[in-house]
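Reading the structure
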Amino acid sequence: MKNNSKSLVKLENVSVDFSISNSLFADGKKKLRVVDEVSLEIYKGKILGLVGESGSGKTTLGRASIRLIPTAAGKVFFNGIELEKLRKEELRIMRRQMQIVFQDPNSSLDPRMKIKDLIGNPLLVHRIAKNNELKDRTAKIMERVGLSPDEMHKYPHQFSGGQKQRISIARALILEPEYIVLDEPVSALDLSIQAQIINLVLDLRKELELTYLFISHDIGVVSHVSDRVAVMYFGRIMEIGENVFEDPKHPYTMMLIESLPGKKIKPVGKPPRGEPPRGEPPRGEPPRGEPPSIFESRSGCVFYSRCPIGDEECKKIVPQLKNGVACLKKNGC
Ligand SMILES: Nc1ncnc2c1ncn2[C@@H]1O[C@H](COP(=O)(O)OP(=O)(O)OP(=O)(O)O)[C@@H](O)[C@H]1O
Ligand SMILES: [Mg+2]
C-alpha cells in the first residue's frame, strides 16, 4: 500500500487477555493472552482481510478494534483518536462510526424483535431519528440492502439466512458508519448466497466509501475481497500486505495455502512443486504439527512447533513484523 494511504483504524501493540475459571488452576483462575502485541493499520476506504485458523484470535482482534472488549495493553486509534482516552459518552458517540456484522445472524438478531426495530433502534438509541423519519430511514436502508420495506413488520424467523444477513448489514449501516468489522459475514450461508452478500458489501463499500475489516477463515473469500490481507496465528500477525496470497513469505501463510482443499488459490509466481529453493519450506505438504496450547507459557515464535524452517533461535526470539513478515528466517528480526 502506498505511503500516502490514510489510516482510519490503527492498532499499536494491542494485546487482549481473557480470564478463565477452572478448578484445575491453583488459584481457580488463569489469564489467557488471546491477542498478543498486534500492530496494524486499516486504510480509509479499503478492505483489510484477516485470515487464520479457528481460535487464532480474529474475532477478538476485530472486537478490540472497535473497543467492544477492553485491551490489556496497547493503543487503538480511530481517525487519529485514541479510543481508550475517550470518556464513556464520547466513546458512545464515536461508536456510531464503528459497527460490526456477526457471523451468525440467527444468534445476533433477537427473534422477538420486528425487523423495523432491529434495524431502526440504533437511530432511536442514539437519539438521531424518531417516528416518521425513523421509519423512512429504516425503509431506505432496507431497500439499499435488497430487502422490501413492506417486510419491516416481520420477525427474523420469517427470513432466509441470506436475508437475515442483509438485515444485520442494514442494522450496521443505519448509523452511517465509516468502519465496519465483518466477522465471517458469509460463513453460515450457502455458496450461491455467499456471492450475493459479498457483492452487496463490496457495492456498499464503494458507494458509501466504507472501510472494512473482513474476517474469515476462507482464504478464497478473503483474497477476492481484500485490498490487503493480515494472516493471524495464535494471537499474532504473521504476515500482512497486498500480495500475501500471490507471493507468500511466511511459512505459516504458505502452509495455509498448501492445505487448501484443491488449492483454490494458486499463488501467482510461485515456483513449481518439487525441490524448494534453499531456505524455503517444502511445498505441497499437508499442515504439520499442532498449534501450541493456549495454556502454555510462550517463548520465541508461536509458529515454531509447526514450522518447517524454524531453528533453535526461533525457539527463543519472538519475531517482529518487518516489511510485513514476522519470521526470523525471512526478515532477520
Ligand atoms: N470470552 C472469552 N473468554 C475466554 N476465552 C475466549 C473468549 N472468547 C474467545 N476466547 C478464546 O480466545 C481464543 C481466540 O478466540 P477468537 O474467537 O477470537 O478466535 P477466532 O480466530 O475468531 O476463531 P474462529 O475462526 O473459530 O471464529 C480462543 O482460544 C477462544 O477459545
Ligand atoms: Mg471468530
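First things first, this report covers the structure right here in the doc.

Let us now look at the overall build of the chain. Tallying secondary structure elements over the chain gives 11 helices and 10 strands in all. A burial count over the chain gives 47% of its 333 residues as buried. Contacts spanning at least 24 positions in sequence make up 64% of the contacts within the chain whose residues lie at least 6 apart. Total accessible area on the chain is roughly 16,800 Å²; 48% of this is exposed by carbon and sulfur atoms.

Once that is clear, we can look at the state of the cysteines. One pass over the structure, following the stated rule, counts zero disulfides. In this model Cys301 remains outside any disulfide bridge; the closest cysteine sulfur is found in Cys314, 6.3 Å from its own. Using a relative accessible area of 12% as the deciding quantity, one classes Cys301 as buried. The thiol of Cys314 is unpaired, and the distance to the nearest cysteine sulfur, on Cys327, comes to 6.3 Å. Judged by its relative accessible area of 6%, Cys314 falls in the buried class.

Another point: the site of ligand 1. Close contacts around ligand 1 come from 13 residues, with Ser54, Gly55, Lys58, Thr59 and Thr60 the closest. In this structure, an oxygen atom belonging to ligand 1 sits 3.2 Å away from a main-chain N or O atom of Ser56. The backbone of Gly57 places a nitrogen or oxygen atom 3.0 Å from an oxygen atom of ligand 1. Against a free-state accessible area of 630 Å², the protein chains account for coverage of 63% of ligand 1. For the shell around ligand 1, the secondary structure elements donating two or more residues are strand 1 (7–21) and helix 1 (58–65).

A positive phi angle is found at Glu37, which is not glycine, with a value near 50°. Residue placement: Glu37 occurs in strand 2 (residues 29–43). Residue classification places Glu37 among the partly exposed residues on the basis of a relative accessible area of 42%. Phi angles above zero are rare outside glycine, and Asn79 is one such case at about 50°.

Looking now at the pairing of strand 1. Both strand 1 and strand 2 contribute to a ladder of 11 bridges, which runs antiparallel. Each bridged residue has a counterpart across the sheet, and for Leu11 the counterpart in strand 2 is Leu40. As paired elements, strand 1 and strand 4 (residues 73–78) share five bridges and run antiparallel to each other. Pairing of Glu12 across the sheet is with Lys75, part of strand 4.

Calculation rules
Residues numbered from 1 in each chain as written. Chains lettered and ligands numbered in written order. Predicted model: local features only at pLDDT ≥ 70, side-chain atom pairs only at ≥ 80, totals over all residues. Heavy atoms only, no water. Helix = DSSP H or I, 4+ residues; strand = E, 2+ residues; numbered from the N terminus. Buried < 20%, exposed > 50% of the residue type's maximum accessible area, 1.4 Å probe, protein only. Contact = heavy atoms within 4.5 Å. Areas by Shrake-Rupley, 256 points an atom, 1.4 Å probe, with all protein chains shown as cover. Disulfide = S-S within 2.5 Å. Near = heavy atom within 4 Å. Polar contact = N/O pair within 3.5 Å; in protein donor to acceptor, adjacent residues only side chain to side chain. Pairing = 2+ DSSP bridges.

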